[in-house]
Amino acid sequence: MLIRMLLLVTLLAAVGFRPAFSHEGHSHGDEPAQPAAAAPRAEAYSDLFEIVAVLGPDRRLWLYLDRHATSEPIDGATVQVTVDGEDIGTATRASDAVYVLTNPILERPGQRNMVFTITAGEDMDLLPATLVIPAGVAAATSAPGPADLVSTALREPYVWAAGLFLLLVGVAIGRAAAPRPLPPLVVVEPSATGTRPHALPSSAPMPERVAAAPAVMALAAILLVPMIAWAQPLDAPRRQPDGSIFVPKPSQRLLGLRTGPAEPGEAFVPVHLTGQVVADPNASGRVQASEAGRIEPPEGGFPALGQRVARGEVLGFVVPIMAAQDRVGVRASIAELDALIVIGEARVRRLTALAGTVAAREISDARADLEGLRQRRAANLPAVTGREPIVAPSAGVISVVRVAAGQVIQAQEPLFDIVDPARLWVEAIAFDPAAVAEVSAASAMTAGGQALRLGFVGRGMTLRQQGLPLHFRIEGGAPGLAVGQPVTVLVETPRRTAGIVLPAEAVVRNPEGGQVVYEMPSAERFLPRPVRAQPLDGQRVLVTAGLERGARVVTSGAGLIAQVR
């Protein structure tokens, strides 16, 4: 009964508990106020630092410190806080680049003038800010949902420690309360004939310590609710009615957002050409048959795709094939030569025996005639029984195989293609030869986003497909490329254009298909700015309109901001 009463009291206390969230926070200047569902917050920045102060539901002040120019979190800094001229202490580090401070002055409602003294390495600055602490301890419109509370609580180490402790307690109570076989209880009942024993049924109620185990587990879960409320405040990113996007600092850390200043300058405007990867003619080869015949594999079989071969390596054999009439003529010639060789050998032996009476010149002529007959026979014999080896003209990797054992081929038929993957070129077609009359530099981009550094080799003098062919050498190596792979070639010319150079990922597409960048006018607010941009080298773009000088632009993570709804 005592355990049931304790459980009931705890449930009533948990129902009456509400986390203390408040209405919108303070805003500076003409900037719109924070969203209604956001916790009270204040922000300040200088050329060095940017800090956001968020008042948590338990009146703890959470501080997020970044570099103002790049929005890079600063960890290991010292943050001294002064409120209304009173030093309330130094914030302690809660996690990476997150600091927390607790003071009774933060529990009193009203407007608080704060000064943050920040020291990070050799940099030091003072940042003033104003925080409005609401009077109410709860606001129905700003209370986070259960999912937000649980997600926030799981980041706190003491919540994990408390949960583990309660789990161990529950397991210990469960083991202690495990049911054990008990002897039947015997009672003595009076009867007319005397007293007789009577056993209670086996379905008697369990001991109260067994029934208390679920209550203890429920009590452990209820005790976690206040711990969840003590966790770091969590506001969800959302779009504002004015079109801006609110992204709180914790969400920015998760998305890895980075910014950079929009500085005008000049850049070389590239000419975009369509090209493809080709083999270097000095480091590739094509194996063709010199005559018609039947293909036979070498010892070990034909080379496979991707196999590296050396120059002069035997790739196969071609057995010549002839018509029946031609074959008969060749065999008749061989037979005639065999007969002449026999006569010539006999003549040489006879003259050699008469070396003392026969002139030496006659013996030498007989031997020369015999050697000529043998060479003629050797030249005719392969046409019937011989085979011609197929050798690799260059070293490299087999990229094309067009042979099979027993295949009959014709003369000049291609059999193998050999490519050196370390020496590849790019061939592009320029339909406006005047635009590429002067080439300063060049680069290429594959469909998968791989950037290639190119070196200009030369241009042709004959139009192909009504365009002028240009050749570029791929420098620095590019693993994974294949001959024939399409690429986009960016040719830089001496012509320069004024604009703002940004990383390519800073420009994203809006739902209407236009190009936009996200400007960051304040610490947690982002504005989409329609721009006109053109790519430079596959990794950078040149914004020529729509962006003002000095604006802080999102350079990394802009695509994730565009997904906020």
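Along each chain, the written sequence defines residue order, and numbers are assigned to residues from 1. Restriction of local features to residues with pLDDT of at least 70 applies here, the model being predicted, together with a cutoff of 80 or more for giving and counting side-chain atom pairs; totals for whole chains, interfaces and linings are based on all residues. Hydrogens and water molecules were not included; the side-chain quantities draw on all heavy atoms of the structure.

Caption draft 1: Structural detail: the overall build of the chain. For the chain, the helix and strand inventory stands at eight helices and 34 strands. All accessible-area figures derive from a Shrake-Rupley calculation using a 1.4 Å probe, and residue coverage is judged against the displayed protein chains alone. Counting only carbon and sulfur atoms, one obtains 58% of the accessible surface of the chain, whose full area is about 30,700 Å². Numbering of helices and strands runs from the N terminus, with a helix taken as a DSSP run of H or I at least four residues long and a strand as a DSSP run of E at least two residues long.

Caption draft 2: How the structure looks around the sheet that holds strand β6 (residues 92–95). Whether two strands pair comes down to DSSP finding at least two bridges between them. Read across the sheet, five strands follow the order β1-β2-β3-β7-β6 without closing on themselves; strand pairing throughout is antiparallel. The strands lining the two open edges of the sheet, one partner per strand, are β1 (41–45) and β6. Mean inter-strand twist for the sheet, computed between neighbouring axes without regard to direction, equals 25°. In terms of strand pairing, β6 meets strand β7 (residues 98–101) through three bridges, oriented antiparallel. Residue Thr 92 lies in a different strand from β7, and its bridge partner there is Val 100. Axis definition: a line fit to C-alpha positions, over the contact stretch in the case of helices; interaxial angles, taken between N-to-C directions, run 0 to 180 degrees.

Caption draft 3: Broad picture of a nonpolar patch on the surface. Within the patch definition used here, like charges are joined within 9 Å and nonpolar side chains (Val, Leu, Ile, Met, Phe, Trp, Tyr) within 5 Å, considering only residues with over 30% relative accessible area and no salt bridge. In what follows, salt bridge is the name for a side-chain nitrogen of Lys or Arg lying within 4 Å of a carboxyl oxygen of Asp or Glu. Together, Leu 164, Leu 167 and Leu 168 make up an exposed nonpolar region whose accessible area comes to about 300 Å². Its location among the elements puts Leu 167 in helix α3 (residues 157–176).

Caption draft 4: Summary view of the environment of Arg 387. Mapped onto the fold, Arg 387 is located in the loop between α7 (360–380) and β20 (388–391). Only protein chains enter the accessibility calculation, which uses a 1.4 Å probe; a residue whose area is less than 20% of its type maximum is buried, one above 50% is exposed, and one in between is partly exposed. Residue classification places Arg 387 among the partly exposed positions, given a relative accessible area of 44%. Each C-alpha atom of the pair Arg 387 and Glu 296 lies 8.9 Å from the other, and the pair is 91 residues apart in sequence. Any two residues whose heavy atoms approach within 4.5 Å at even a single point are treated as in contact. Residues within four places of Arg 387 in sequence aside, it is in contact with Glu 296, Phe 317, Val 318, Val 319 and Pro 320.

Caption draft 5: A look at the pattern of salt bridges. One pass over the structure, following the stated rule, counts 23 salt bridges. Residues Arg 60 and Asp 58 are paired through a salt bridge, measuring 3.0 Å at the closest nitrogen-oxygen approach. The buried category is assigned to Arg 60, whose relative accessible area is 18%. With its nearest N and O atoms 2.7 Å apart, the salt bridge here joins Arg 253 to Asp 66. Within this pair, whereas Arg 253 is found in helix α5 (residues 249–255), its partner Asp 66 is found in strand β3 (residues 61–67), the two being separated by 187 residues in sequence. Using a relative accessible area of 22% as the deciding quantity, one classes Arg 253 as partly exposed. On the basis of relative accessibility, which here comes to 1%, the residue Asp 66 falls in the buried class. Through salt bridges with shared partners, one network takes in Glu 50, Asp 66, Lys 249, Arg 253 and Arg 552.

Caption draft 6: Just α7, in detail. Compared with the 30 Å implied by 1.5 Å per residue over 21 residues, the 31 Å span of α7 between its first and last C-alpha is a close match. When we look at burial in α7, the residues that qualify are Ile 363, Ala 366, Leu 370 and Leu 373. In an axial view of α7, the angular spread of the buried residues amounts to 85°, which keeps them on one side of the axis. Away from the buried face of α7 by more than 90 degrees, exposed residues Ala 360, Arg 361, Gln 375 and Ala 379 are located. The span expected for a helix works out to 1.5 Å for each residue beyond the first. Throughout, the arc means the angular range of directions from the helix axis out to the C-beta atoms.

Caption draft 7: Unusual backbone geometry, seen in detail. A positive phi angle is found at Arg 59, which is not glycine, with a value near 65°. Among the structural elements, Arg 59 can be located in the loop between β2 (49–55) and β3. Its identity as a non-glycine residue notwithstanding, Gln 412 has a phi of 70°, on the positive side. Following the sequence through the fold, Gln 412 ends up in the loop between β22 (408–409) and β23 (414–419).

Caption draft 8: Broad picture of the pairing of strand β27 (residues 468–475). Bridge analysis of strand β24 (residues 424–430) against β27 gives six bridges, and the strand direction is antiparallel. For Ala 430, the partnering residue across the bridge sits in β27 and is Leu 468. As paired elements, strand β26 (residues 451–459) and β27 share six bridges and run antiparallel to each other. Note on β27: the bridge partner recorded for Arg 459 is Leu 470.

Caption draft 9: Here's a closer look at the sheet that holds strand β4 (residues 78–83). Across the sheet, which stays open at both edges, the four strands sit in the order β5-β4-β8-β9 with antiparallel pairing between neighbours. Because the sheet does not close on itself, it has two edges, and the strands there are β5 (86–90) and β9 (123–133). On average, each strand axis in the sheet is tilted by 25° relative to the strand beside it, whichever way the strands run. Judged from the eleven bridges that link them, strand β8 (residues 110–120) and β9 form a sheet pairing that is antiparallel. Note that in β9 the partner of Ile 118 across the bridge is Asp 125.

Caption draft 10: Structural context of the confidence of the model for the chain. Each residue carries a pLDDT value, the predictor's own confidence for that position, ranging from 0 to 100. With 75% of its residues at a pLDDT of at least 70, the chain reaches an overall mean of 79. Considering only residues more than four positions removed or in separate chains, one finds that residues 137–153, a stretch of pLDDT under 50, has 28 contacts.

Caption draft 11: Region of the structure containing the side chain of Arg 552. Assignment of secondary structure puts Arg 552 in strand β34 (residues 552–556). Judged by its relative accessible area of 8%, Arg 552 falls in the buried class. Polar side-chain contacts of Arg 552 include one of 2.8 Å to the backbone oxygen of His 68. Contacts of Arg 552, omitting those with residues within four sequence positions, involve Glu 50, His 68, Ala 69, Ser 71, Thr 259, Gly 260, Tyr 518, Glu 519, Met 520, Ser 522 and Ala 523. Polar contact is defined as a pair of N or O atoms within 3.5 Å, subject to the rule that within protein one atom must be able to donate a hydrogen and the other to accept it, and that residues adjacent in sequence are counted only when both atoms are side-chain atoms.

Caption draft 12: Here's a closer look at the nonpolar core. Definition used in this section: a nonpolar core is a set of buried Ala, Val, Leu, Ile, Met, Phe, Trp, Tyr and Cys residues joined via side-chain atoms within 4.5 Å. One finds Ile 51, Leu 61, Leu 63, Leu 65, Val 79, Val 81 and Phe 116 to be the most contacted residues of the largest nonpolar core, which totals 28 residues. Contributions of two or more residues to this core are made by β1, β2, β3, β4, β7, β8 and β9. Among the nonpolar cores identified, the runner-up in size contains 21 residues, and Ala 430, Ala 442, Leu 470 and Phe 472 belong to it.

Caption draft 13: Spotlight on the side chain of Ser 443. Within the element layout of this structure, Ser 443 appears in strand β25 (residues 441–446). Setting aside its immediate chain neighbours within four residues, Ser 443 contacts Leu 452, Leu 454, Thr 488, Val 489, Leu 490 and Asp 537.

Caption draft 14: Representation of the environment of Phe 246. Relative to the helices and strands, Phe 246 is located in strand β13 (residues 245–246). In this structure the C-alpha to C-alpha distance between Phe 246 and Ala 523, which are 277 residues apart in sequence, comes to 9.4 Å.

Caption draft 15: Seen up close, the pairing of strand β31 (residues 525–530). Two strands pair when backbone bridges link them, and β13 and β31 are joined in this way by two bridges, in the antiparallel orientation. Counterpart to Ile 245 in the pairing with β31 is Phe 526. Pairing between strand β30 (residues 515–522) and β31: five bridges, direction antiparallel. Its bridge partner lying in β31, Val 516 is registered against Pro 530. Linking two consecutive strands that pair antiparallel, namely β30 and β31, is a turn of two residues.

Caption draft 16: Expanded view of the environment of Ala 292. For Ala 292, the location among the structural elements is in the loop between β16 (284–288) and β17 (293–296). Along the sequence, Ala 292 and Glu 413 sit 121 residues apart, while their C-alpha atoms lie 8.7 Å from each other. Sequence-distant contacts of Ala 292, that is, excluding residues within four places in its chain, are made with Val 318, Pro 320, Ile 321, Ile 409, Gln 410 and Ala 411.

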